[in-house]
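So you can see what is in the structure, the chains are spelled out below.
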Amino acid sequence: MKELDLLKKAWKKDNTSFEQLSEGTLYSMIHKRSSSIVKWILIISILEFIVLRGSDLLVLLDEKYKKEMNLAHLYGFEVVITIINFIVLTVFIALFYKNFKVINTGSSTKKLMKDILNTRKIVKYYVWYNLLLVAFSSTIAVYFEIKNNSRVSLLYSKHESLFIVVGIAIIAISILLFWLFYKLLYGILLNKLNTNYKELSKIELEE
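This section reports on the structure supplied with the text. Owing to the predicted nature of the structure, the values given are computational and were not obtained by experimental measurement.

Here we look at the overall build of the protein chain
For the protein chain, the count of helices and strands is seven helices and zero strands. When burial is assessed residue by residue, the protein chain has 35% of its 207 residues classed as buried. Pairs at least 24 apart in sequence give 80% of the contacts found in the protein chain among residues at least 6 apart. When the accessible surface of the protein chain is totalled, it reaches about 13100 Å², and 68% of it is carbon and sulfur.

A closer look at the layout of surface pockets
In this structure, the largest pocket encloses a volume near 640 Å³. In this structure, the largest pocket is lined by 25 residues; those nearest its centre are Asp56, Glu78, Val134, Ser137 and Phe178. Mapped onto the lining of the largest pocket, the elements with two or more residues apiece are helix 2 (16-61), helix 4 (75-104), helix 5 (109-148) and helix 7 (160-206). Looking at the lining of the largest pocket, the element that brings in the most residues is helix 5, giving seven residues. Grouping the constituent residues of the lining of the largest pocket by class yields 15 nonpolar, seven polar and three charged. Empty space within the second largest pocket amounts to approximately 280 Å³. Taken together, the elements giving at least two residues each to the lining of the second largest pocket come down to helix 5 and helix 7. Element by element, the count of residues in the lining of the second largest pocket is highest for helix 7, at seven residues. Looking at the lining of the second largest pocket residue by residue, the classes come out as eight nonpolar, two polar and three charged.

Describing helix 4
For helix 4, which comprises 30 residues, the first-to-last C-alpha distance of 43 Å matches the rise-based estimate of 44 Å (1.5 Å per residue) to within 8%. Among all positions in helix 4, only Tyr75, Phe77, Ile81, Thr82, Asn85, Leu89, Phe92, Ile93, Phe96, Asn99, Phe100 and Ile103 are buried.

So, the environment of Ile140
By the secondary structure assignment, Ile140 is in helix 5. Considering only alpha carbons, one finds Ile140 and Leu74, 66 residues apart in sequence, at a separation of 8.7 Å. Once residues within four sequence positions are removed from consideration, Ile140 is found in contact with Leu74 and Phe77.

Digging into the packing of helix 4 against helix 5
Between helix 4 and helix 5, the shortest axis-to-axis distance is 10 Å and the interhelical angle comes to 170°. Put simply, helix 4 runs roughly antiparallel to helix 5. Here the residues of the contact of helix 4 with helix 5 are counted per class, giving 20 nonpolar, six polar and two charged.

Some remarks on the pattern of salt bridges
Taken as a whole and assessed by the stated rule, the structure comprises two salt bridges. The partner of Asp56 in a salt bridge is Arg53, with the nearest N and O atoms 2.8 Å apart. One end of the pair, Asp56, and the other, Arg53, are both in helix 2, three residues apart, so they sit about a helical turn from each other. Taking relative accessible area as the criterion, Asp56 reaches 25% and is therefore assigned partly exposed.

Rules used in this analysis
Along every chain, residues carry numbers that run from 1 in the direction the sequence is written. Confidence filtering applies because this is a predicted model: local features only for residues at pLDDT of at least 70, side-chain atom pairs given and counted only at 80 or more, and all residues used for totals across whole chains, interfaces and linings. Neither water nor hydrogens contribute to the side-chain values; these are computed over all heavy atoms in the structure. A helix here means a DSSP run of H or I that spans at least four residues, while a strand means a run of E at least two residues long, and both kinds are numbered starting from the N terminus. For the exposure calls, accessible area comes from a 1.4 Å probe over protein chains only, and a residue counts as buried if that area is under 20% of its type's maximum, exposed if over 50%, partly exposed in between. Any two residues having at least one pair of non-hydrogen atoms within 4.5 Å are treated as being in contact. Here the open area of atoms and residues is found with the Shrake-Rupley method and a 1.4 Å probe, where only the protein chains shown may cover a residue. Points on a 1 Å grid, built from protein atoms alone, make a cavity when a 1.4 Å probe fits but cannot get out and make a pocket when they are open with protein on both sides within 12 Å along at least 5 of 7 lines; residues with an atom within 4 Å of a point are the lining residues. Grid points are joined across faces, edges and corners, and a volume is the space filled by probe spheres set on the points. The classification used treats Ala, Val, Leu, Ile, Met, Phe, Trp, Tyr, Cys and Pro as nonpolar, Asp, Glu, Lys and Arg as charged, and all other residues, Gly among them, as polar. For a helix, the expected span equals 1.5 Å multiplied by the residue count minus one. What counts as an axis is a line fitted to C-alpha atoms, over the stretch in contact for a helix, and the angles between N-to-C directions run from 0 to 180 degrees. Here the word oblique covers every angle except those under 35 degrees (roughly parallel), over 145 (roughly antiparallel) and from 65 to 115 (roughly perpendicular). Salt bridge, as applied in this entry: a Lys or Arg side-chain nitrogen positioned within 4 Å of an Asp or Glu carboxyl oxygen.

Have a look at this one:
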């Protein structure tokens, strides 16, 4: 980042030939940095898929968990959600890979700016999908537990208002924790991409 700032300062002070050279150098540096960021987004999403979806499979194959979920009539729902999640997340990873290939072979400032915006948009969709999935799955799980688990149903009938408040709080905390998780994983990378976009905008204005 310091090298980039120094180049920009020199670019404004020196002659036209250096200006032409530095413009290409700035673009090359930002292009390389953007490609690296998108590559890390791809790597992190693949690792996340392996760890979290692998954990999902292990849980579903656990006989004790299967019995508990069957008592609440939730096991079939869990299987369906897991399959859908596998498909959707595979599509997102494919899009991240496509973005990496496109940015890696970019040839102009305008094209790179467009690719950065597209990458940021897809990552945001990815995060929102995961947060909505957590909210939906948690809500369905609570509903089926109340409906089919006799112990939970008894507690619900005795303390309905408290149960609803606690249930909403648990769902809200789950969403918040996942949001923080994704903010940590992808937020920093998206901010760096945004910085690159702003730098490219300056180059575009100078042309």
